Amino acid sequence: MAEKILVTGGAGYIGSHCVLELVEAGYVPVVIDNFHNAIRGADELPESLRRVQQIVRQPILFQEMDITDEAALQELFSKHHFSAVMHFAGLKAVGESVQKPLEYYRVNLTGTIRLLEAMKAHGVRNVVFSSSATVYGDPKYLPLDENHPVGGCTNPYGKSKYFIEEMIRDLCKAEKDWNAVLLRYFNPIGAHESGMIGEDPQGIPNNLMPYVAQVAVGRREFLSVFGNDYKTDDGTGVRDYIHVVDLAKGHIAALKKLKENCGCKIYNLGTGTGYSVLQMVQAMERASGREIKYKITGRREGDVASCYADPTLAERELGWKAAFGLDKMCEDLWRWQLQNPTGF
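In this text the structure is predicted, and so the values were computed from the model without any measurement. (Residues numbered from 1 in each chain as written. Predicted model: local features only at pLDDT ≥ 70, side-chain atom pairs only at ≥ 80, totals over all residues. Heavy atoms only, no water.)

## A short note on the sheet that holds strand E4 (residues 82–87)
No. 1: Ordered by their spatial adjacency, 7 strands build an open sheet running E3-E2-E1-E4-E5-E6-E10, and the pairing between neighbours is parallel. Looking at which strands have only one partner, the edges of the open sheet turn out to be strand E3 (61–64) and strand E10 (264–269). Across this sheet, the average inter-strand angle for adjacent strands is 20 degrees, counted without regard to direction.
No. 2: Sheet analysis places strand E2 (residues 28–33) next to E3, joined by 4 bridges and oriented parallel. Residue pairing across strands places Val31 opposite Phe62, the latter belonging to E3.
No. 3: Relative to strand E6 (residues 179–185), helix H8 (residues 244–258) is tilted by about 160 degrees, and along the sheet it contacts strand E1 (4–8), E4, strand E5 (126–132), E6 and E10. (Pairing = 2+ DSSP bridges. Helix = DSSP H or I, 4+ residues; strand = E, 2+ residues; numbered from the N terminus. Axes fitted to C-alpha atoms, helices over the stretch in contact; angles between N-to-C directions. Contact = heavy atoms within 4.5 Å.)

The structure is reproduced here in structure tokens:
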């Protein structure tokens, strides 16, 4: 029997790509999502998962549910036998988290506690958690490896990821039959090469590349570049961008790691290469064949000059390595944007 994997928040950008990879790797994903960041499609399915069904040519099990709904979670776990959980569900906009800290702590922390309690009650002891490089705060050194100090987070979103990591670490320490892989993402971009699923931000994009793509397709007039006086080659901020499909494949590798009764393991998922904002704009101009207008404006509070990963531990212990370079990321992002100019 194929293993059932619960995917929380599986209708979102990263979740939907992971659902696709799970099916292709022979697992049976069961997805829950509350449509906070997903668009409804036909048959009560999120549009992202309806399209995943078209790509993989088989139905995806889905239930509309909020991660904070204790009774619904308990009922779900009594209905299915899960071998592991992939936990993506949560609020994720850095700027919004500064405005609404309580909401971020309520959803992200309470939701995770409810989930872990349901797992414990039903004997499910394996979890892959969607964490973030924001847990590192302002880098003390580069590239960032997993031993870099954590917790000096610059916003409530990052703190919520850090607190959840600590909860899971404490749980694995207290109860030796638990296994967890905490994946610290750098900056996921791109889309599935079919162009059928991709990142569909609601409202004004918070992240650089969806914004750049919307400028290229004509949805937005120009890009605001926040600061060009950083200590980087061209003065603009440098980040580690990773193709979302590479990221999804990292989760499949993490599931296999859980089988080794690994305890609690932490890995960076990045490429190890940093690109500046202006380099990203140029790469998107190459991919789209269009000029991307931008204006330099003041620095944004909380932004750091440079942030990129040392991914060697994931390469060594998970047998995973990012396969796609910058041009492929931008080509796939542009195909998605061109085929879906207004999103799903």
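Once you've had a look at it, read on.
## Examining empty space enclosed by the protein
No. 1: By the definition in use, this model includes 1 cavity of 30 Å³ or more.
No. 2: Lining of the largest cavity is provided by Glu199, Asp200, Pro201, Pro210, Gln214, Arg219, Leu333, Trp336, Gln337, Asn340 and Gly343.
No. 3: Counting only elements with at least two residues in the lining of the largest cavity, the list comes to helix H7 (208–217) and helix H11 (326–339).
No. 4: Among the elements that line the lining of the largest cavity, the one with the most residues is H11, at 3 residues.
No. 5: Partitioning the lining of the largest cavity into residue classes produces 4 nonpolar, 4 polar and 3 charged. (1 Å grid on protein atoms, 1.4 Å probe; cavity = no way out; pocket = protein on both sides within 12 Å on 5 of 7 lines; lining within 4 Å. Points joined across faces, edges and corners; volume = space filled by probe spheres on them. Nonpolar A, V, L, I, M, F, W, Y, C, P; charged D, E, K, R; others polar.)

## Focus on the environment of Asn108
No. 1: Its location among the elements puts Asn108 in helix H5 (residues 101–121).
No. 2: Once the C-alpha coordinates of Asn108 and Ala89 are considered, the two residues, 19 residues apart in sequence, prove to be 7.7 Å apart.
No. 3: Aside from chain neighbours lying at most four places away, what touches Asn108 is Gly90, Leu91, Ser160 and Ile164.
No. 4: Within polar-contact distance, the side chain of Asn108 engages the side chain of Ser160 at 3.0 Å. (Polar contact = N/O pair within 3.5 Å; in protein donor to acceptor, adjacent residues only side chain to side chain.)

## Some details on the packing of H5 against helix H6 (residues 156–174)
No. 1: Their axes nearest at 9 Å, the elements H5 and H6 cross at an angle of 20 degrees. Comparing their axes, H6 and H5 come out roughly parallel. Helix-helix and strand crossings are classified by hand; for H5 and H6 the assignment is right-handed. Touching Pro101, Tyr104, Tyr105, Asn108, Leu109, Thr112, Ile113 and Leu116 of H5 are Pro156, Tyr157, Lys159, Ser160, Phe163, Ile164, Met167, Ile168 and Leu171, all from H6. (Parallel < 35°, antiparallel > 145°, perpendicular 65-115°, else oblique. Left-handed = near helix turned anticlockwise from the far one by under 90°.)

## Here's the deal with the layout of surface pockets
No. 1: For the second largest pocket, the calculated volume is near 230 Å³.
No. 2: The wall of the second largest pocket is formed by Asp145, Glu146, Asn147, Val150, Arg169, Arg184, Cys264, Ile266, Asp310, Thr312, Leu313 and Arg316.
No. 3: Of all the elements in the fold, those that place two or more residues in the lining of the second largest pocket are E10 and helix H10 (312–317).

## Considerations on the pattern of salt bridges
No. 1: Tallied over the entire structure, the rule returns 21 salt bridges.
No. 2: Arg335 is paired through a salt bridge with Asp332; the nearest N and O atoms lie 2.7 Å apart. Of this pair, Arg335 and Asp332 both sit in helix H11, separated by 3 residues, roughly a single helical turn.
No. 3: Classification of Asp332 as buried rests on a relative accessible area of 1%.
No. 4: Through salt bridges that share partners, Glu193, Lys328, Asp332 and Arg335 make up one connected network. (Salt bridge = Lys/Arg side-chain N within 4 Å of Asp/Glu carboxyl O. Buried < 20%, exposed > 50% of the residue type's maximum accessible area, 1.4 Å probe, protein only.)

## Here's the deal with helix H1 (residues 13–24)
No. 1: Taking 1.5 Å as the rise per residue, H1 with 12 residues should run 16 Å; its terminal C-alpha atoms sit 17 Å apart, in good agreement.
No. 2: H1 sits mainly inside the fold: 11 of its 12 residues count as buried.
No. 3: Along H1, the positions that sit buried rather than exposed are Tyr13, Ile14, Gly15, Ser16, His17, Cys18, Val19, Leu20, Glu21, Leu22 and Val23.
No. 4: Among the residues trailing H1, Gly26 stands out with phi positive, at a value near 95 degrees. (Expected span 1.5 Å × (residues − 1).)

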